[in-house]
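Survey of secondary and tertiary structure
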Amino acid sequence: MTVKAHRVVGLDFLPGRVRAVALAGSSKKFNVTAMQSIILPTPEDDPTHFEPQEVAISLRDFVQSANLKHYMAAVSFQERKSILRLLTMPVMPDDELANTIRFEFDQVMEENIDEFTIDYTILGEVEGGEGQSKYSILVAIVPKNSLYPYIEAVEAARLPLVRIDLPVIANISALHMTDEKLLSRNSVVVHLEQVGGDVILFDRGEFAFVRRITAGLSELKYSFAGALETQEEIESIGGYRQDEYKLPEEHGQLAKPLVDMVLSEVERTLSFYKSQIQMLDYDYDELILCGTGVWPRNLATFIEKESEQKVTLADPLSGVKNSFTFTPEVEESMTMPQFGAALGLALESLV
C-alpha cells in the first residue's frame, strides 16, 4: 500500500499481544505520541489465534486512552509462510514489472499464486551484464487468508488501514530512518521473531541479500533449556523462562549454544551470498540484532565476545526519545528495543 498520512499508529501483532507506536507529523519531523504493549484476548493454548471483533475492542481501548483521534493504522504480523526475495530484473514499466514478478513466482510455487498477495519495492538500479541497467527489487509474498483477521480487527477498531508489512521490513525501515549511518556500510542484520527469523546483508550500504532462517525465540529458549544440567545452575541464573530475561554475565558459558546458533546462520548466509555473486570474501563492519525474538536481552554481549565483531542490539525507538510527547510506562521503557517494527511501520506511512 502506498497511502501516506500525518497521524499513524504502527501495530506489530505478536502471539497474545500487539506492540503499538503512534506518530504525528512527517517522516522528517514527527512526535511519538503513544506507545504501548497491548495484551490481546487470545486462548492460552493457542495465542496465535484471535477473534477480530474481540481484538478490536482492545485496540479501541488503547486508541481512546491515548487520545489518538484521526489516526490511521499500519500493521505487521509474523507469518512464516511468507516469502521474501531479492530479485534483479530488467528496467521496464510498472505494470509490466508487476506482471513479470507474478509470472516468475507462479512458475516456481507449488501453491496457486492467486492465494497470495504480492508486494514489491524497487531498491534502486544496478549494472547488469553488458552494462545494462537493471532493477534491484525486494519482493514480499504473503498468503491472503493470513491477512484477513488483522484487516478485520483494525477496521472494526475504526482505524483506517494504510499499510501492511512484514516485521523484518518494518525493522529495517526503523533502522534506516532513525540512524542512516548504521546500514551505510557492510552490515549484517539478524532479525529474530517468535518462530524463525531472517539474515539481511548490506554491501556498502546497499540491500544485497536476504535469507530466512529457523532461529528465533522458541528455538533459542529450547536450546538454552537443553544446556542446563543441574538444579543449582537453574537457581543461580534466575527466571530464565521470561521473555525479558538477561543472562548473568558470570554464566556466559550457558549462552554458547545460542551464540553458535546465530553465528552459524550468519556464516551460512554469507556463504550463500558469496557463491551467488562469485566473490571470495565479504567482511562486515557490524552485526545488528533486532526483532521480538532476540533472547536473552543481552545476547548481543555474548555474541560480541565470541565473534570479536561489533554486535549491537537495535533500539531505534530510544534513538528518537527527544520526540516523545509523554512519559512511557516502566514496562515499555524496559522493552524499548522490541518496538522497532511498530516504529518502522509508522515511519514508513508518514508523509
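Everything quoted here is computed from the prediction, not taken from an experiment. Residue numbers run consecutively from 1 along every chain, following the written order of its sequence. pLDDT decides what is reported in this predicted model: residues at 70 or higher carry local features, side-chain atom pairs at 80 or more are listed and counted, and totals for whole chains, interfaces and linings draw on all residues regardless. Computation of side-chain values covers all heavy atoms of the structure but excludes hydrogens and water.

Next up on the list: the nonpolar core. Buried Ala, Val, Leu, Ile, Met, Phe, Trp, Tyr and Cys residues that are joined via side-chain atoms within 4.5 Å together make up what is termed a nonpolar core. Buried means the residue's accessible area, taken with a 1.4 Å probe over protein chains only, is under 20% of the maximum for its type, while exposed means over 50%, and partly exposed covers the values in between. Leu 11, Phe 13, Leu 59 and Val 189 are the most contacted members of the largest nonpolar core, which has 49 residues in total. Excluding residues that lie within four positions of it along the chain, Val 189 makes contacts with Ile 172, Leu 175, Leu 183, Asp 198, Val 199, Ile 200, Phe 202, Ile 288 and Cys 290. Counting residues in each nonpolar core, the second largest holds 38 residues, with Val 190, Ala 208, Phe 224 and Leu 263 among its members. Between two residues, a contact is recorded if the distance between any of their heavy atoms is within 4.5 Å.

With that settled, consider the sheet that holds strand E2 (residues 17-25). Strands in a sheet are paired, the pairing made by backbone hydrogen bonds, and the direction either parallel or antiparallel. Only when DSSP finds a minimum of two bridges between them are two strands counted as paired. To qualify as a helix, a DSSP run of H or I must reach at least 4 residues; to qualify as a strand, a run of E must reach at least 2; elements of each kind are numbered from the N terminus. Spatially, E3-E2-E1-E4-E8 is the arrangement adopted by the five strands of the open sheet, whose pairing is mixed. The open sheet has two free edges, formed respectively by strand E3 (30-39) and strand E8 (161-165), since each of these has just one partner strand. When the angles between neighbouring strand axes are averaged without regard to direction, this sheet yields 15°. Both strand E1 (residues 7-14) and strand E4 (residues 72-77) contribute to a ladder of six bridges, which runs parallel. The residue of E4 that forms the bridge with Asp 12 is Ser 76. The axes used here are C-alpha line fits, helices contributing only the stretch in contact, and every angle between their N-to-C directions lies in the interval 0 to 180 degrees. Contacting E1, E2 and E3, helix H1 (residues 52-65) crosses the sheet at an angle of about 140° to E3. Here helix H3 (residues 144-156) sits on the sheet and contacts E1, E4 and E8; the angle it forms with E4, its principal contact strand, is near 150°.

For the rest of this paragraph, the subject is the packing of aromatic side chains. Stacked, edge-to-face and tilted labels apply to pairs of Phe, Tyr and Trp rings (six-membered ring for Trp) whose centres lie within 6.5 Å, assigned for plane angles under 30 degrees, over 60, and everything in between, in that order. For the coordinates displayed, the defined rule picks out 12 aromatic pairs. Here Phe 50 and Tyr 150 contribute two aromatic rings whose centre-to-centre distance is 5.2 Å and whose plane-to-plane angle is 70°, an arrangement assigned as edge-to-face. Residue Phe 50 is found in the loop between E3 and H1, and its partner Tyr 150 is found in helix H3; the two are separated by 100 residues along the sequence. Taking the relative accessible area as the measure of exposure, Phe 50 reaches 9% and is therefore buried. Definition used: whenever NZ (Lys) or CZ (Arg) falls within 6 Å of the ring centre and also within 35 degrees of the ring normal, the charge is taken to sit over that ring. Across from the ring centre of Phe 339, 5.3 Å away, lies the NZ or CZ of Arg 19, which sits over that ring.

What follows covers the pairing of strand E10 (residues 197-203). Counted residue by residue, E10 has seven buried out of seven residues, so it is predominantly covered. Examined bridge by bridge, strand E9 (residues 187-192) and E10 share six bridges and lie antiparallel to one another. Bridge pairing in E10 places Leu 192 opposite Gly 197. Counted between consecutive antiparallel strands, the loop separating E9 from E10 contains four residues, among which Gly 196 sits at a positive phi close to 80°. As defined by bridge partners, E10 adjoins strand E11 (residues 206-213) across seven bridges and the pair is classed as antiparallel. Of the residues in E11, the one forming a bridge with Asp 198 is Arg 212.

No statement about biological role is implied by the geometric values presented.
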